[in-house]
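# Report on the structure
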Amino acid sequence: MRAARLLAAALLLCAAAGCGDGGVEPKRWATVVCTALAPWRNDIAGLTAKAQQQLGAAKTPEATKANIVDLLSGAETASEKARSGVEAAGVPRVQDGKKVAEQFTASLTKARDAYGNAKRTVSDLPTADGKTFYGKVTAAFTTLKNEYERSAIDPAHVGPAELQQAFDEVPECR
């Protein structure tokens, strides 16, 4: 009976300390994360290029507004899809793995929210006065840029060395 209690106490301590299987092998985690992030980056780049084409062709503030709202909606959706994919990766089995996973997810949540905030701002803008409209669009994009930059994770500091090595080694992250 005493051995059973000691084993139970050891298991509880181990679980609290984060040892044991409690996570995903670093290379596997990096693979899943990069697999979720690659399409997101491509989507954002594609949406940006599409928006630039459409904005150049837009003749009215109304058309510009519709194009921008579509772009921001697409970026918000792509960011949520990436966030969901990163969250599904689980927790890497490294020191502070839970914290690392939470930072990645939080970063994508902030990026998603930045796009959503900009979308709602532009969507609510009146278009009757073109000069005022375009000025407020510029202000909305300045806010978006600032919020997006605050959401970024420094890839040089993504966690312990073994996780950084995993990101360097897996083909999905190149």
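To be clear, the structure that these remarks concern was listed above.
The notes below deal with the structure included here. Predicted, not measured: the structure shown is a model, and the values here were computed from it.

## A word on the overall build of the protein chain
- Counting its secondary structure elements, the protein chain contains six helices and zero strands.
- Going residue by residue from the N terminus, the α and β elements of the protein chain occur as α-α-α-α-α-α.
- In the protein chain, buried positions account for 33% of the 174 residues.
- For the protein chain, the share of sequence-separated contacts (at least 6 apart) that also reach a separation of at least 24 residues comes to 79%.

## Considerations on the state of the cysteines
- Applying the stated criterion to the full structure yields one disulfide.
- Residue C34 pairs covalently with C173 via a disulfide, S to S 1.9 Å. Residues C34 and C173 share a disulfide whose torsion about the S-S bond is about 100°; that sign makes it right-handed. Of the two residues, C34 sits in helix α2 (residues 26-57) while C173 sits in the segment after α6 (161-169), which places them 139 residues apart along the sequence.

## What about the packing of α2 against α6?
- Here α2 crosses α6 at 55°, and the two axes come no closer than 8 Å. Relative to α6, the element α2 is oriented oblique. Handedness of the α2/α6 crossing: right-handed. Where α2 approaches α6, its residues P26, K27, W29, A30, V33 and C34 are matched on the opposing element by E162, L163, A166, F167 and E169.
- Per-class residue counts for the contact of α2 with α6 are eight nonpolar, no polar and three charged.

## Focus: the packing of aromatic side chains
- Here the structure, examined in full by the defined rule, presents six aromatic pairs.
- The interplanar angle of 90° and the centroid separation of 5.3 Å between the aromatic rings of W29 and F104 together place this pair among those described as edge-to-face. Linking W29 in helix α2 with F104 in helix α4 (residues 97-123), this pair joins segments that are 75 residues apart in sequence.
- Using a relative accessible area of 0% as the deciding quantity, one classes W29 as buried.
- Between F104 and F167, the aromatic rings sit 5.9 Å apart at their centres with planes inclined by 5°, giving stacked as the arrangement. Placement of F104 in helix α4 and of F167 in helix α6 is noted, with a sequence separation of 63 residues between them.
- Classification of F167 as buried rests on a relative accessible area of 14%.

## With respect to the nonpolar core
- W29, V33, W40, F104 and F167 are the most contacted members of the largest nonpolar core, which totals 39 residues.
- Of all elements in the fold, only α2, α3 (61-88), α4, α5 (130-151) and α6 reach the threshold of two or more residues within this core.
- When residues in this core are grouped by element, the largest group, ten residues, is from α2.
- When residues no more than four places from it in sequence are discounted, the contact partners of F104 are W29, V33, V86, I153, V158 and F167.

The rules behind these values
- Residues numbered from 1 in each chain as written.
- Predicted model: local features only at pLDDT ≥ 70, side-chain atom pairs only at ≥ 80, totals over all residues.
- Heavy atoms only, no water.
- Helix = DSSP H or I, 4+ residues; strand = E, 2+ residues; numbered from the N terminus.
- Buried < 20%, exposed > 50% of the residue type's maximum accessible area, 1.4 Å probe, protein only.
- Contact = heavy atoms within 4.5 Å.
- Disulfide = S-S within 2.5 Å.
- Axes fitted to C-alpha atoms, helices over the stretch in contact; angles between N-to-C directions.
- Parallel < 35°, antiparallel > 145°, perpendicular 65-115°, else oblique.
- Left-handed = near helix turned anticlockwise from the far one by under 90°.
- Nonpolar A, V, L, I, M, F, W, Y, C, P; charged D, E, K, R; others polar.
- Phe/Tyr/Trp six-rings, centres within 6.5 Å; stacked < 30°, edge-to-face > 60°.
- Core = buried A, V, L, I, M, F, W, Y, C linked by side-chain atoms within 4.5 Å.

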